Amino acid sequence: MIATPKQDAAARPSIPPKVLRPREHHFRGSLGRFATGVAIVTFDGVTKRHGITVNSFTSVSMEPPLVLVSIARSTKAHDELEGRPFTVNILGAEQRALALHFAGKPSDEPAWIEGEVAPRLNNVLAFFECKPWAAYDGGDHTLYLGEVVDFNYRSGDALGFANSNFTTIPESQLGIEELL
Ligand SMILES: Cc1cc2nc3c(=O)[nH]c(=O)nc-3n(C[C@H](O)[C@H](O)[C@H](O)COP(=O)(O)O)c2cc1C
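Residues numbered from 1 in each chain as written. Predicted model: local features only at pLDDT ≥ 70, side-chain atom pairs only at ≥ 80, totals over all residues.

1. So, the site of the ligand
Note the following rule: To decide nearness, the C-beta atom of each residue is placed from the backbone, and the residue is near a molecule or strand if that atom lies within 6 Å of it. Each residue is assigned to one of three groups, with Ala, Val, Leu, Ile, Met, Phe, Trp, Tyr, Cys and Pro labelled nonpolar, Asp, Glu, Lys and Arg labelled charged, and all others, Gly among them, labelled polar.
Close to the ligand lie 16 residues, the nearest being Val54, Ser56, Ala72, Thr75 and Ala77. Of the residues contributing to the shell around the ligand, the split by class is nine nonpolar, six polar and one charged.

Right, here's the structure in full:
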């Protein structure tokens, strides 16, 4: 009898579940083709101030003004973010070290600003201070929506992220919002 692939797998219990890894790797590689900016979500938790680097930032709604970040359940920030105000700090091209600092590779402590509802980082390209709006299940992540209560931006090149690499998006190529 010719074994089906399922029976084959059952007959080889020594093969660990990591046979799925190439697919996961390919999924990540496919996701990596979507170029993004880089942001840091900052907020005061119960016991400490948190910062977490993200590229899952998305604008959601103009009225009310809502933005979204997707936070992995495995992170320290995850459980503490629920119900708390936070800031999304959008990074400039020269702020790669800051991105790494809040992604598990700490360097010098950055300069903080006490915002209206949440702490934020000094001299970022743009920021959105948010009150908590909603949190939705997102598998091994949670989608946190915030209502923007304060925001601003400066001029400068943007920090980009594509296929696991940082890149620079020159201000000259950022376009002019009035033309959209
Ligand atoms: C460019 C970049 C983008 C990232 N995007 C996300 C993201 O969208 N969501 C997330 O949960 N983690 C993301 N991470 C990973 C977190 O920054 C990283 O796991 C961090 O160390 C978690 O911090 P914590 O456990 O102290 O909260 C990203 C990391 C990098 C470098």
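2. Overview of the sheet that holds strand β11 (residues 158-162)
Note: strands within a sheet are paired through backbone hydrogen bonds, in either parallel or antiparallel orientation. As a reminder, the rule being used: For two strands to be treated as a pair, DSSP must find no fewer than two bridges joining them. The helix and strand labels rest on DSSP assignments: H or I over at least four residues marks a helix, E over at least two residues marks a strand, and numbering proceeds from the N terminus.
On the basis of which strands lie adjacent, the open sheet formed by three strands has the order β1-β11-β12 and antiparallel pairing. Each edge of the open sheet carries a strand with a single partner, namely β1 (36-37) and β12 (165-169). Note: β1 against β11, two bridges, orientation antiparallel. Bridge pairing links Thr36 to Phe161 in β11.

3. Digging into the sheet that holds strand β6 (residues 86-90)
Under the convention used in this document: The axes used here are C-alpha line fits, helices contributing only the stretch in contact, and every angle between their N-to-C directions lies in the interval 0 to 180 degrees.
Read across the open sheet, the seven strands follow the order β3-β2-β6-β9-β10-β5-β4; overall the sheet is antiparallel. Where the open sheet ends on each side, the last strands, each with one partner, are β3 (49-54) and β4 (58-61). The average undirected angle you get between the axes of adjacent strands in this sheet is 35°. Relative to strand β9 (residues 126-138), β6 runs antiparallel, the two being bridged by five bridges. Looking across to β9, one finds that Phe86 is bridged to Cys130.

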